[in-house]
Amino acid sequence: KFFQGGQFKNKDIRLDAKVVIITGANAGIGKEAAIECAKRGARVYMGCRDPARMEKARQEILDKSGSQNVFGLELDLASFESIRSFVKTFLSMERRLHVLINNAGVMACPKEYTKEGFEMHFGTNHLGHFLLTNLLLDVLKRSAPSRIVTVSSLGHKWGRINKDDINAEKDYREWDAYMQSKLCNILFSRHLAKRLSGTGVNTYALHPGAINTELMRHLNPCLRTMAKPLFWVFFKTPKSGSQTTLYCAMEPSIASHTGLYYSDCKLKEPEPHAQDDTMAEWLWNLSERLTGLSH
């Protein structure tokens, strides 16, 4: 139990009549968060890349939550076209959105690029969620008080924004790319909080912990086999890994917080370079240009 970390213990919070979007809700902590939100009465929208896997997970979420209000919409964060299509479909179905959970991501994958030509970690973990969030800001503002929860990582500690090669075209190292994207997540959430000041929309970034999930699939097979016993002992289960996400999405005591970072259901100080407001603004302006939002 010690290694399972902080738990969200507020069992009395209900989400009746609330609308929640969770990206990557077909597996891992995203699926566990979807089950819990649905149990508490929310209308949950799963945003997932693979329709078949999404539907299988949706049925599991329905069974475990006892809810009938769980819906699946195709969403590939490595495609701006897919993101825009997702938002268009969602807005045709709902007029409100109370919680957006930016959960999906890739970790230490081989060198790949998104449909628009961005390095996969930067393009999916950061730019994809950046575009999705911005396209949903109007409905989040109309639904205030509302929350934007972005899953980052302790890995931001070793992340650096490589201004000269942010798209890893000159030099690609999978862990550097991953950690850069997780730093981007925190800088994004921090700067977004400033831009949303006074709107009733609050932002939260978090480290979910070391979790035995499908994110591990790109690890070296030999390393993964050797480490498997450690996963069972020292790594969190997906359910435990979802606790800080749920805390940031629901906990009343942090309703006035925004732009901060959490771990194990507690406020945590991120690394100094994750509090660099000048860099956060630079990243925001670059992201606007790259996603076409500044046009």
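Quick caveat: nothing in here was measured; it's all calculated off a predicted structure. (Residues numbered from 1 in each chain as written. Predicted model: local features only at pLDDT ≥ 70, side-chain atom pairs only at ≥ 80, totals over all residues. Heavy atoms only, no water.)

Trainee: Summarise the sheet that holds strand 6 (residues 201-207); cite the residues concerned and give the values.
Mentor: The strand order across the open sheet built from eight strands is 3-2-1-4-5-6-7-8, with neighbouring strands paired in mixed fashion. Every other strand in the sheet has two partners, leaving strand 3 (70-74) and strand 8 (266-268) as the edge strands with one partner each. On average, each strand axis in the sheet is tilted by 25° relative to the strand beside it, whichever way the strands run. With four bridges connecting them, strand 4 (residues 99-102) and strand 5 (residues 146-151) associate as parallel partners. By the bridge assignment, leucine 100 is partnered in strand 5 with isoleucine 148. (Pairing = 2+ DSSP bridges. Helix = DSSP H or I, 4+ residues; strand = E, 2+ residues; numbered from the N terminus. Axes fitted to C-alpha atoms, helices over the stretch in contact; angles between N-to-C directions.)

Trainee: Provide a residue-level description of the pattern of salt bridges, including the pertinent values.
Mentor: Taken as a whole, this structure holds eleven salt bridges when the rule is applied. For the salt bridge of arginine 173 with aspartate 171, the shortest nitrogen-to-oxygen distance reads 3.4 Å. When salt bridges that share partners are traced, they join Lys31, Glu60 and Lys64 into one network. (Salt bridge = Lys/Arg side-chain N within 4 Å of Asp/Glu carboxyl O.)

Trainee: How would you sum up the side chain of glutamate 119? Please name residues and give values.
Mentor: With respect to the helices and strands, glutamate 119 occurs in the loop between strand 4 and helix 4 (120-135). Among the polar contacts listed, one links the side chain of glutamate 119 to the side chain of histidine 121, at a separation of 2.8 Å. Beyond its immediate stretch of four places on either side in the chain, glutamate 119 contacts Glu112, Tyr113, Thr114, Asn167, Ala168, Tyr172 and Ala177. (Polar contact = N/O pair within 3.5 Å; in protein donor to acceptor, adjacent residues only side chain to side chain. Contact = heavy atoms within 4.5 Å.)

Trainee: Which residues make up the packing of aromatic side chains, and what are the values?
Mentor: Taken as a whole, this structure holds ten aromatic pairs when the rule is applied. These aromatic residues form a ring-pair network of at least three members: Phe8, Tyr204, Tyr247 and Tyr262. (Phe/Tyr/Trp six-rings, centres within 6.5 Å; stacked < 30°, edge-to-face > 60°.)

Worth remembering: the numbers are spatial, not functional.
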